[in-house]
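Residue-level structure breakdown
One letter stands for each residue in the lines below.
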Amino acid sequence: MKIIDVRLTGLAGGTVAGGWADELKPEDDVHTIVEVLTDEDVIGVGSVFTSKALVAGSVKLLRPLLVGERADEPARVSEKLRQSTFWQGRGGAVEHAISGIDIALWDLMGKICNHPVARLLGGYYRTRIKPYGSILFDEPGPLRDKLQRTVARGFKAIKLGWRPFGRRDARTDEILVQTARDAVGPGVELMVDAGGSEQFWPHGYKWALQTARMLANYDIVWFEEALPPDDLEGYIELRRHAPLPIATGEVLTRRQSFRPFLERGAVDVIQPDCTKCGGITEALRIAWMAYEHNVLYVPHGWNTAIGLAADLHLTAAVPVALYVEFLTPSPYIDDIITVPFRPDAEGFLTVPTAPGLGVELNREALARYGI
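A brief report on the enclosed structure follows. (Residues numbered from 1 in each chain as written. Predicted model: local features only at pLDDT ≥ 70, side-chain atom pairs only at ≥ 80, totals over all residues. Heavy atoms only, no water.)

Before going further, it helps to spend a moment on the overall build of the chain. For the chain, the count of helices and strands is 13 helices and twelve strands. Rg of the C-alpha trace for the chain: 20 Å, near the compact-globule value of 21 Å for 371 residues, within the 12% margin. Residues counted as buried form 59% of the 371 residues belonging to the chain. Partitioning the intrachain contacts of the chain with sequence separation of at least 6 by distance along the chain shows that 74% fall at a separation of at least 24. (Helix = DSSP H or I, 4+ residues; strand = E, 2+ residues; numbered from the N terminus. Rg over C-alpha atoms; globule rule 2.2 N^0.38 Å. Buried < 20%, exposed > 50% of the residue type's maximum accessible area, 1.4 Å probe, protein only. Contact = heavy atoms within 4.5 Å.)

Laid out in structure tokens, this is it:
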């Protein structure tokens, strides 16, 4: 079976409730669905956390390297794309596009072999995984309401991120965290994402350490992106002295970028995003590297239902995995596949067992949000 083309659909018109701080509007597109087409009419589906214009430019570069290739050798084909474009990519939008193609190639291979991706990655260490509902911080009153709605959707773990946390003063930060803990009680796990990858992040190591000590008092599972994503030395110091686990990695691409964070003990939790870091192939390599360094792998997934499906297969196929990120509420999670993911009564998701990623695009919803 040969690859004959790539089809792209940007997503716009829906986003997480409240937007992405004040920067992301519903009409903006930051996610692109990738479909890899074959000469036998089997289609593989992937997802990219990058706008359609950037993916389209990258695919123009990649298409001559891809068309005519086998449809059942994802790791080799995606590495060919990567190795052949170092001088024009080596990260950034080209690597993001390769990520979506790689996910689609794994979906194709599963459909060709009639096996789920997790089995092709080595097998199921688990068939269920806990999603954490990923939401944005807000003022105390709206935040309390948002948390209660998230719990009502069945989530037993919730991550709170970005503004206004870390943007005013320490007292505000503690009020927000205390509000969150009081709203959900002791039985729901809470994570905090400071959003240190935001442009012109003003805080350094001492702010991060002081904030980490405060968060530990509220039984926070991990403290994410407390520093800018390239501050390796800062993360090393923070992990050494913070009283709770430290997490980062969502903006890094290629396994080589993750290696120093793992080898030098900079994190307790590493968070590659398979829709950016190089696809399922690279994310699996990073996950095993993390396991070898006794670091927890938790995929970043500010994502689509296709990306969530890929994360579920990845977390099923690595020895130690506890969570996947579940952006909520979001039509790109809830609407664009025919059978949406929902937490069960215990707050878990079941890893798909149908061939490939085990999900099917809802073409009507794709037409509604597609550009």
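Next comes the rest of the description.
Inspection of the secondary structure assignment puts Gly92 in helix α3 (residues 92-113). A sequence separation of 159 residues divides Gly92 from Val251, and the C-alpha atoms of the two residues are 9.4 Å apart.

Let's shift gears to the packing of aromatic side chains. According to the stated counting rule, one finds twelve aromatic pairs in the structure shown. Judged by centre distance (5.5 Å) and plane angle (80°), the rings of Tyr132 and Trp222 are edge-to-face. Highlighted residues: Tyr132 in strand β4 (residues 128-136) and Trp222 in strand β7 (residues 220-224), separated in sequence by 90 residues. Each member of the pair, Tyr132 as well as Trp222, is classed as buried. Relative to Phe165, the ring of Phe137 has its centre 5.0 Å away and its plane inclined at 10°; by these criteria the two rings are stacked. Within this pair, whereas Phe137 is found in the loop between β4 and α5 (140-152), its partner Phe165 is found in the loop between β5 (157-161) and α6 (170-184), the two being separated by 28 residues in sequence. The exposure classification of Phe137 matches that of Phe165, with both residues buried. One aromatic cluster is present, formed by Phe137, Phe165, Trp201, Trp207 and Phe223 through successive ring pairs. The ring of Phe86 has Arg90 sitting right over it, with the charged end atom 4.7 Å from the ring centre. Over the aromatic face of Phe348 sits the side chain of Arg128, whose NZ or CZ is 4.5 Å from the ring centroid. (Phe/Tyr/Trp six-rings, centres within 6.5 Å; stacked < 30°, edge-to-face > 60°. Lys NZ or Arg CZ within 6 Å of the ring centre and 35° of its normal.)

Glancing now at the packing of α5 against α6. Relative orientation and spacing of two packed helices are given, respectively, by the angle between their axes and the distance between those axes. Where α5 meets α6, the axes come as close as 9 Å, and the angle between the chain directions of the two elements is 35°. In this structure, the crossing between α5 and α6 has a hand that is right-handed. Packed against α5, whose contacting residues are Pro140, Leu143, Arg144, Leu147, Gln148 and Val151, the element α6 presents Ile175, Leu176, Thr179, Ala180, Ala183 and Val184 at the interface. In the contact of α5 with α6, the residues fall into nine nonpolar, two polar and one charged. (Axes fitted to C-alpha atoms, helices over the stretch in contact; angles between N-to-C directions. Left-handed = near helix turned anticlockwise from the far one by under 90°. Nonpolar A, V, L, I, M, F, W, Y, C, P; charged D, E, K, R; others polar.)

The tally for this structure, following the rule as stated, stands at 32 salt bridges. We note a salt bridge from Arg82 to Glu79, for which the minimum N-O separation is 2.6 Å. Here Arg82 and its partner Glu79 are both found in helix α2 (residues 74-83), three residues apart, which amounts to about one turn of the helix. For Arg82, a relative accessible area of 3% gives the class buried. (Salt bridge = Lys/Arg side-chain N within 4 Å of Asp/Glu carboxyl O.)

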